[in-house]
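# Structural overview
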Amino acid sequence: QVQLMESGGGLVQAGGFLRLSCTASGSGFRFNDMGWYRQAPGKQRELVASISNGGSTSYGDSVKGRCTISRDNAKNTVYLEMNSLKPEDTAAYFCNAKAWRWYERDYWGQGTQVTVSS
């Protein structure tokens, strides 16, 4: 089946920089859109950024201008870079991949915690 391996995250100071990466694996699967979502305690999961396998990107309103998503299709890996971090960026960040084999389905990583200290 599909596995998503996330790395990065941790404790970051406000105004700092963050880099997350996620590698997807799964025999026979094609990975279409990949991206990152986040969920803070008591809040709904929201889009941070996503990228198609053609390189088209989409960003959540709260991170526009502070965030860059990129991917390496040969490695099935997506990268998220975020600067000017704020305490409100504190959340669990989840990798998402839309994988296709006969039909498309959403897969999620286990999540990585990002805490921004003021």
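Look above for the structure.
My aim in this report is to walk through the structure given alongside it, one point at a time. These numbers were taken from a predicted model, which means no experiment stands behind them.

## Considering the packing of aromatic side chains
If you walk through the whole model with that rule in mind, you get 2 aromatic pairs. Taking 6.0 Å as the distance between ring centres and 80° as the angle between the ring planes, the aromatic pair formed by Phe29 and Tyr107 counts as edge-to-face. Of this pair, Phe29 sits in the loop between β3 (18-25) and β4 (30-39) while Tyr107 sits in strand β10 (residues 103-108); the two residues are 78 residues apart in sequence, bridging distant segments of the chain. For Phe29, a relative accessible area of 14% puts it in the buried group. Residue class for Tyr107 comes out buried when judged on its relative accessible area of 11%. Judged by centre distance (5.2 Å) and plane angle (70°), the ring pair of Tyr37 and Trp108 falls under edge-to-face. You can see Tyr37 sitting in strand β4 and its partner Trp108 sitting in strand β10, a full 71 residues away along the chain. By relative accessible area, which is 39% here, Trp108 ends up partly exposed. We note Arg45 situated over the ring of Trp108; from NZ or CZ to the ring centre the distance is 4.6 Å.

## Focus on the nonpolar core
Most often, soluble globular proteins have nonpolar side chains that are buried together. By size, the foremost hydrophobic cluster in this structure holds 30 residues, and its most contacted members are Trp36, Val48, Leu80 and Met82. Elements supplying a minimum of two residues to this core: β3, β4, β5 (46-51), β7 (67-72), β8 (77-82), β9 (91-101) and β11 (112-117). Dropping the residues within four chain positions of it, Val48 is found in contact with Trp36, Tyr37, Arg38, Ser58, Tyr59, Gly60, Val63, Cys67, Leu80, Met82 and Tyr93.

## A word on the pattern of salt bridges
Enumeration over the complete set of coordinates arrives at 6 salt bridges. Note that Asp89 and Arg38 form a salt bridge whose closest N and O atoms lie 2.9 Å from each other. Within this pair, whereas Asp89 is found in the loop between β8 and β9, its partner Arg38 is found in strand β4, the two being separated by 51 residues in sequence. The two residues Asp89 and Arg38 agree in class, both being buried. For Arg66, the salt bridge is made with Asp89, and the minimal N-O distance between the two is 2.8 Å. Of this pair, Arg66 sits in the loop between β6 (57-59) and β7 while Asp89 is found in the loop between β8 and β9, placing the two residues 23 residues apart along the sequence. Each member of the pair, Arg66 as well as Asp89, carries the same accessibility label: buried. Where salt bridges share partners, they join Arg38, Glu46, Arg66 and Asp89 into one cluster.

## Some thoughts on the state of the cysteines
If you walk through the whole model with that rule in mind, you get 1 disulfide. With a sulfur-sulfur separation of 2.0 Å, Cys22 is cross-linked through a disulfide to Cys95. Its S-S torsion of about -85° marks the bond between Cys22 and Cys95 as left-handed, since a negative value means left-handed. Pair noted here: Cys22 is in strand β3 and Cys95 is in strand β9, with a separation of 73 residues, a long-range link. No difference in accessibility class separates Cys22 from Cys95, as the two residues are buried. Cys95 supplies the cysteine sulfur nearest to Cys67, a cysteine that is in no disulfide, at a spacing of 13 Å. Cys67 gets classed as buried once you look at its relative accessible area, which sits at 8%.

Rules used throughout
Residues numbered from 1 in each chain as written. Predicted model: local features only at pLDDT ≥ 70, side-chain atom pairs only at ≥ 80, totals over all residues. Heavy atoms only, no water. Phe/Tyr/Trp six-rings, centres within 6.5 Å; stacked < 30°, edge-to-face > 60°. Helix = DSSP H or I, 4+ residues; strand = E, 2+ residues; numbered from the N terminus. Buried < 20%, exposed > 50% of the residue type's maximum accessible area, 1.4 Å probe, protein only. Lys NZ or Arg CZ within 6 Å of the ring centre and 35° of its normal. Core = buried A, V, L, I, M, F, W, Y, C linked by side-chain atoms within 4.5 Å. Contact = heavy atoms within 4.5 Å. Salt bridge = Lys/Arg side-chain N within 4 Å of Asp/Glu carboxyl O. Disulfide = S-S within 2.5 Å.

In short, shape yes, function no, at least from these values alone.
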